[in-house]
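Structural characterization, general
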Amino acid sequence: MTNSQIRHISPEIHPSWLEVLQDEFQKPYFADLKEFLVREKMAGKTVFPPGKQIFSAFDSTPFDKVKVVILGQDPYHNPGQAHGMCFSVQPGVKAPPSLINIYKEMESDLGIPPADHGYLMKWAEQGVFLLNSILTVQAFNAASHQGKGWERFTDAVIQQLNDKREGLVFILWGGYAKKKGEVIDTRKHLVLKSTHPSPLSAYNGFFGSKPFSQTNAYLTKLGKTPIDWRL
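Residues numbered from 1 in each chain as written. Predicted model: local features only at pLDDT ≥ 70, side-chain atom pairs only at ≥ 80, totals over all residues. Heavy atoms only, no water.

Side note on the overall build of the protein
Per the secondary structure count, the protein includes nine helices and six strands. For 231 residues, the compact-globule estimate of 2.2 N^0.38 gives 17 Å, and the C-alpha radius of gyration of the protein, at 17 Å, lies within 12% of that figure. The principal-axis extents of the C-alpha atoms in the protein amount to approximately 55 × 35 × 25 Å. When each of the 231 residues of the protein is scored for burial, the buried share is 52%. Restricting to contacts in the protein with at least 6 residues of sequence separation, those with at least 24 account for 68%. Entry remark: accessible area of the protein is about 10,800 Å², with carbon and sulfur atoms responsible for 52%. Charge-centre separation for the protein: the mean point of 26 positive side chains lies 2 Å from the mean point of 22 negative side chains. (Helix = DSSP H or I, 4+ residues; strand = E, 2+ residues; numbered from the N terminus. Rg over C-alpha atoms; globule rule 2.2 N^0.38 Å. Buried < 20%, exposed > 50% of the residue type's maximum accessible area, 1.4 Å probe, protein only. Contact = heavy atoms within 4.5 Å. Areas by Shrake-Rupley, 256 points an atom, 1.4 Å probe, with all protein chains shown as cover. Lys, Arg positive; Asp, Glu negative; His and termini not counted. Charge placed at Lys NZ, Arg CZ, Asp CG, Glu CD.)

Structural data, given as structure tokens:
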């Protein structure tokens, strides 16, 4: 596939997002990103999530329906896990350690017992936008698609949400997410920060941070329907 052919491929993404990101899809860096992904597949490398699921977070939570943004970093890199939503795994797959800690905090915060699965689609359908900073990864190779263009793309996504929406909740867990969220206007949106739910850091500020109740209190204050966090 030539550069010119790749450049004119429009991603399969929900129309509401295509409208606000159309200019981004036409930029040279995004063409380079698509070319990189084609080369990876032509070289026989396995890329997660599967192609049609790369934009699952966007398709499940349209731009005008977003209420909450949870920002992750990199897709899961083991088979059967990643499906295009940060922290979520496909149905039937055991919840990874960070998600187990998210469930523990949710139980402490709201009294909701941990789910017996890790599929977060119910959150997404209510307006919780589960965005990874990097949308693809090579199998068994964490952060392998870092610096290929996804970070610039998701910076633009956050900027569009910041500029064109009001009253959103941005949940930033860990130093990476906090840095990426520095552009968010706290006069327009609520920004909740803590350490990452990873077992390495959860006890240093994630547990006890009460992001779920704070989110719902803010949404209720604005007259919006709160999130039913039960899975």
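Now that the structure is up, let's keep going.
Topic: helix H2 (residues 15-25)
Among the residues of H2, Ser16, Trp17, Val20, Leu21, Glu24 and Phe25 are the ones counted as buried. One side of H2 carries all its buried residues, which in axial view fall inside an arc of 150°. Exposed side of H2, more than 90 degrees from the buried face: Pro15, Glu19 and Asp23 are the residues found there. Where the residues of H2 are buried, they touch helix H3 (28-42), helix H4 (56-60), strand S3 (128-132) and helix H7 (150-164). (Arc of directions from axis to C-beta.)

Some remarks on the side chain of glutamine 81
Looking at where glutamine 81 falls in the secondary structure, it is placed in the loop between strand S2 (68-72) and helix H5 (97-110). The buried category is assigned to glutamine 81, whose relative accessible area is 15%. Apart from residues lying up to four places away in sequence, glutamine 81 is in contact with Tyr76, Ser88, Val89, Gln90, Val93 and Pro96.

A closer look at the nonpolar core
Counting 67 residues, the largest nonpolar core has Trp17, Phe58 and Phe153 as its most contacted members. Apart from the residues lying within four places of it in its own chain, the contact partners of phenylalanine 153 are Leu21, Glu24, Phe25, Tyr29, Phe30, Phe55, Phe58 and Leu135. (Core = buried A, V, L, I, M, F, W, Y, C linked by side-chain atoms within 4.5 Å.)

Some words on the environment of histidine 189
Structurally, the position occupied by histidine 189 is in the loop between helix H8 (175-180) and strand S6 (190-194). Relative accessible area serves as the criterion here: at 3%, histidine 189 is assigned to the buried category. Along the primary structure histidine 189 and valine 68 are separated by 121 residues, whereas in three dimensions their C-alpha atoms are 9.9 Å apart. Apart from residues no more than four positions distant in its own chain, histidine 189 is found in contact with Leu161, Asn162, Arg165, Glu166, Gly167, Leu168, Phe170, Ile184 and Tyr218. At a separation of 3.1 Å, a polar atom in the side chain of histidine 189 contacts the main-chain carbonyl oxygen of asparagine 162. (Polar contact = N/O pair within 3.5 Å; in protein donor to acceptor, adjacent residues only side chain to side chain.)

Comments concerning the packing of aromatic side chains
Enumeration according to the criterion identifies 21 aromatic pairs in this entry. Arranged with centres 5.0 Å apart and planes meeting at 85°, the rings of tryptophan 123 and tryptophan 229 form a pair that is edge-to-face. Residue tryptophan 123 is found in helix H6 (residues 121-125), and its partner tryptophan 229 is found in the segment after helix H9 (211-221); the two are separated by 106 residues along the sequence. When its relative accessible area of 1% is taken as the criterion, tryptophan 229 is described as buried. Ring-pair connections join several aromatic residues into one group, and the members of that group are Trp17, Phe25, Tyr29, Phe30, Phe55, Phe58, Phe63, Phe129, Trp150 and Phe153. (Phe/Tyr/Trp six-rings, centres within 6.5 Å; stacked < 30°, edge-to-face > 60°.)

Honestly, it's all geometry; don't read function into it.
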